[in-house]
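Results of the structural survey
Below are the chains, spelled out letter by letter.
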Amino acid sequence: MLFKVTGRVYEAESGVGISSLVVEAFDKDILKNDKLGQTNTDQDGKSEITYSEANFKSAFEKFEGNPDLYIVVRTPDLSNILYSSEKNLRPDASTNEHFDVAISKATLIAEQQRTAQENKQLLKILIGIAWLDGKLEPGEKEYLSKVATKKRLAEDAEIQSLLSDNKPVQHQQCFEWLQAYLGNNYSPYKFEALNEVLESLVTSDAEIDEREKQILAAFADKNIRQNILQQRLASIFLDPTFLAKVTPSTPDSPQTARKNLKKGFAYARVPQAVLSKLTATQSDPEIKEELAHRFLTLNYAPVRKEITADNLEVIGQLPQQLSGMFLRIGPNPRFSPLGLYHWFDGDGMVHGVHIKNGSASYRNRYVRTEGWKIEEKEGKAIWPGLLNLPRFDEPYGMIMKNVANTALVWHHGRLLALWEGGEPYELSLPDLETVGSYTFKEQLTFPFCAHPKIDAQTGEMMFFGYQPLTKPYVQYGIVSAEGNIVKTMPIDIPSPISMHDFAITENYTIFLDMPLALKPMRVMQGKIPLVFERNKPSRFGIIPRHGGEMRWFSVPSCMVYHVVNAYEEGNEVILVAYRMDWTQLFIPDRENPLDFASTDGLLEKIEPEITKLYRWRFNLSTGQVKEEIIDKEVCEFPRINDNLIGRKMRYVYSGIGAAYMERPLFDGVKKYDLEAETAQSVYFGRGRFGGECVFAPRPDGKTEDDGWVLTYIYDAVAQRSELIVLDAQNITAEPVARVLLPQRVPFGFHCEWVSSEKMANTKR
């Protein structure tokens, strides 16, 4: 059955019909009104909307009668409502309904004045968008001048000034114009109006002659003009400065925050009206190929088979007291990735060796996140990785996929797989099956970092979450020894950054405000979205563990991905960590002269990712900071005896960087004795590469280094993987044991050792 709504909108005083207004028809429902249709009034002010039962009667509305009908009349740009009959419903509407709507002349004059003012606002925004790339091309200027003439603004002094080559419009000015247009209480209609009116300005159907085509260049084609507008408008919509103006400042409710964790926290608070305007862009094929070469070949390539193998071959002898499970997590894409693929994007897979009574067994399992299970069912990848725009169309209600691939932590009888963009996933031991997402009894309301810190003496676990687009950019939380989130607080930083690690001492927590920013609007310009802003200083913030005044200490620009540890000495807080001058996360970038350029033509060699061991001393009395280098050799992925996290330690175990390789590889382990100021190194041998190691303490050990160091090795010559066990007190000796593994273990990220004693206390 078809239904029809007709009507006429006219000027009350003269009876003359009003054209080009938007008429919408709705069915008033208890939960959500059904939109029945939309049209525009013709030259006589007439309108007609046809709809069917499918528009108002869903499968869950079996007892729904005919619509409780009302109409809304809006201005052509959708931003203002001129008339609504919502308070005068037509219940159980017939198949033919008619509305006559009279609008006063005063209302129309006011609307014309508002439209004139808004036309100028929108033209200013359009000019600002044209200036976003730092210059106003002749074709852009010519076209904007034509638009100004069409809108009767060509003689406006402000518009003339903005079109001057000598007065470029700054990004901040464009943000302010957008904010002035949208207002503080923005609505989706405001965003719709902004997009539609700007498109109408740029996509005029007027004929363009040959001379104009030469002048306007790319702007001659309507579709190209539309793409240019979309790209430049999106570059504003994804800028944190703009988002800070249009995102609600009030915190989300716990229910909304938890929903956002599932959805994709980085973008979940961005208004949907903004996201709906963003479209995917094509990847640079050369960069895509280079990324795939770096992170999808050799021992970075995924293994798709999940296996279990007992009674593994052991060269040497596994100590009887070494009892527990060595685990490493890393990226292992289940399906061929979409767009640009980075090492950080692959689905999490855990590789574990269970050691007991001198024997060993192996198993590997995917972390079966919600996104992984959906893609497994579909048989293909659905969500792209961090170097691409996410899925703003929200398939299955998710903008981004939680890959749970970065690190592992054992706390309060649970093993959690971590990824800093969302919630943890709980895994069972020793079978490594996925229990499900873990939100601490629904207390978690922001992302959980990859490197929480556990105070072995108090049992507390400190964590943080960063959000790279909307405030608060960083939030801090404390989990009690009993597994409850007992405190959360925002950490005030001036601009969004990517924060990977932090540190604790007995009484303080230390945050790292490094100038590594995620700028997704760069994707719209065909650029890499991660940017290390070398012109900005780096800062360390020290706050009492349970809250208080934050003290910030600035140092020359640098990047710290991983801290070793921190502790207190008198009035000083001391941090030991790996520092680099700058970073690009091994991402090929056309703005970096080392990528896609002949090294013979380089005047200066730029070396990112060169990490060296440093110590910082922060004097809480004087506010002074002292920075000193400990070791000039390239190392990373540091571990200590975890029982000393937050307390002074003597020994550090780090991977030795294979700086001669083009990928992040480690060809040995280095043990530092910070007290004696010495170090010992053990190398794995030709073509043998490892990753992070972990210290497993002897159950009845008496000293800090009484135990073993474990790590996975990949032998590129023999093309096989193994677990090596080193005596931590005699690290340069031959391995205590080598456990040969039944399949290749791809290079991964972080490790964990869970003793049999801990496993016996697993929470169920």
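Keep in mind the model is a prediction, meaning the values are calculated, not measured.

1. Considerations on the environment of I127
Along the chain, the position of I127 falls in helix 1 (residues 105-130). Through-space distance from the C-alpha of I127 to that of L144 is 7.2 Å; in sequence the pair is 17 residues apart. If near-sequence neighbours (up to four positions away) are discounted, I127 is found in contact with L144, I159, L162, L163 and V169.

2. What to know about the side chain of N260
Tracing the backbone shows N260 in helix 9 (residues 254-263). Residue classification places N260 among the buried positions, given a relative accessible area of 6%. Sequence-distant contacts of N260, defined by excluding residues within four places in its chain, comprise D252, F265, A268 and R269.

3. A few points about the pattern of salt bridges
Considering all chains together, one arrives at 43 salt bridges under this definition. Where K28 meets E86, a salt bridge forms, and the shortest distance between an N and an O atom there is 2.7 Å. Taken together, the residues span a long stretch of sequence, with K28 in the loop between strand 2 (22-27) and strand 3 (34-40) and E86 in the loop between strand 6 (81-84) and strand 7 (96-103) at a distance of 58 residues. Judged by its relative accessible area of 29%, E86 is partly exposed. Note that E290 is salt-bridged to R294, the shortest N-O span being 2.7 Å. Here E290 pairs with R294, and both are found in helix 12 (residues 285-295), just 4 residues apart, close to one helical turn.

4. Topic: the sheet that holds strand 4 (residues 46-52)
Here 3 strands make up an open sheet; going across it, the order is 4-1-7 and the pairing mixed. The two strands at the open ends of the sheet, each matched to only one other strand, are strand 4 and strand 7. Taken over all neighbouring pairs, the strand axes of this sheet differ in orientation by 20° on average, direction set aside. Relative to strand 4, strand 1 (residues 2-11) runs antiparallel, the two being bridged by 7 bridges. In the sheet register, T6 faces strand 4, and the bridge partner there is E48.

5. So, the packing of aromatic side chains
If you walk through the whole model with that rule in mind, you get 29 aromatic pairs. The interplanar angle of 55° and the centroid separation of 6.5 Å between the aromatic rings of W383 and Y396 together place this pair among those described as tilted. In this pair, W383 is assigned in the loop between helix 13 (370-378) and strand 13 (407-411) and Y396 in the loop between helix 13 and strand 13, connecting sequence segments 13 residues apart. An angle of 25° between the planes, with centres 5.8 Å apart, marks the rings of Y614 and W616 as stacked. Exposure class is identical for Y614 and W616. Each is buried. Here a set of aromatic residues connected by ring pairs shows up, and it is made of F295, Y300, W343, F344, Y714, F747 and F749. The side chain of R334 reaches across the aromatic face of F335, ending 4.7 Å from its centre. Sitting above the plane of the Y651 ring, K671 keeps its charged end 4.4 Å from the centroid.

6. A short note on the confidence of the model for the chain
Looking at the chain as a whole, its pLDDT mean stands at 87, while 87% of the residues score no less than 70. Under a pLDDT of 50 for its full length, residues 203-209 has, in the predicted model, 15 contacts with residues more than four places off or in other chains. Every residue in residues 596-606 is under pLDDT 50, and counting partners more than four places away or in other chains gives 13 contacts.

7. Considerations on the sheet that holds strand 5 (residues 69-74)
With respect to topology, 4 strands assemble into an open sheet ordered 3-2-5-6, the strand pairing being antiparallel. Lying at the two open borders of the sheet, with one neighbouring strand each, are strand 3 and strand 6. For this sheet, the mean inter-axis angle between neighbouring strands, taken without regard to orientation, is 20°.

8. Structural notes on the nonpolar core
As a rule of thumb, nonpolar side chains are buried together in soluble globular proteins. In this structure, F440, V474 and F511 are the most contacted members of the largest nonpolar core, which totals 46 residues. Within the residue set of this core, elements represented by two or more residues are strand 14 (414-418), strand 18 (461-466), strand 19 (474-479), strand 20 (485-491), strand 27 (559-569), strand 28 (572-580) and strand 32 (651-657). Residue contributions to this core peak at 5 residues, all from strand 18. Listed in part, the 44 residues of the second largest apolar core include L291, M559, L620 and F747.

9. Comments concerning unusual backbone geometry
Between L429 and the following residue, P430, the backbone shows a cis peptide bond with an omega angle of 5°. Mapping P430 onto the fold places it in the loop between strand 15 (425-427) and strand 16 (434-437). Along the chain, K471 connects to P472 via a cis peptide bond; the corresponding omega equals -5°. In this fold, P472 is placed in the loop between strand 18 and strand 19. Not every positive phi belongs to a glycine, and Y396 is a case in point at roughly 55°.

10. Quick look at helix 12
Those residues of helix 12 lying buried are I287, L291, R294 and F295. Buried residues in helix 12, looked at end-on, bunch into an arc of 75°, giving them a common side. Exposed positions of helix 12 whose direction lies more than 90 degrees from the buried face are P285 and E289.

Conventions adopted
Residues numbered from 1 in each chain as written. Predicted model: local features only at pLDDT ≥ 70, side-chain atom pairs only at ≥ 80, totals over all residues. Heavy atoms only, no water. Helix = DSSP H or I, 4+ residues; strand = E, 2+ residues; numbered from the N terminus. Contact = heavy atoms within 4.5 Å. Buried < 20%, exposed > 50% of the residue type's maximum accessible area, 1.4 Å probe, protein only. Salt bridge = Lys/Arg side-chain N within 4 Å of Asp/Glu carboxyl O. Pairing = 2+ DSSP bridges. Axes fitted to C-alpha atoms, helices over the stretch in contact; angles between N-to-C directions. Phe/Tyr/Trp six-rings, centres within 6.5 Å; stacked < 30°, edge-to-face > 60°. Lys NZ or Arg CZ within 6 Å of the ring centre and 35° of its normal. pLDDT = per-residue confidence, 0-100. Core = buried A, V, L, I, M, F, W, Y, C linked by side-chain atoms within 4.5 Å. Arc of directions from axis to C-beta.

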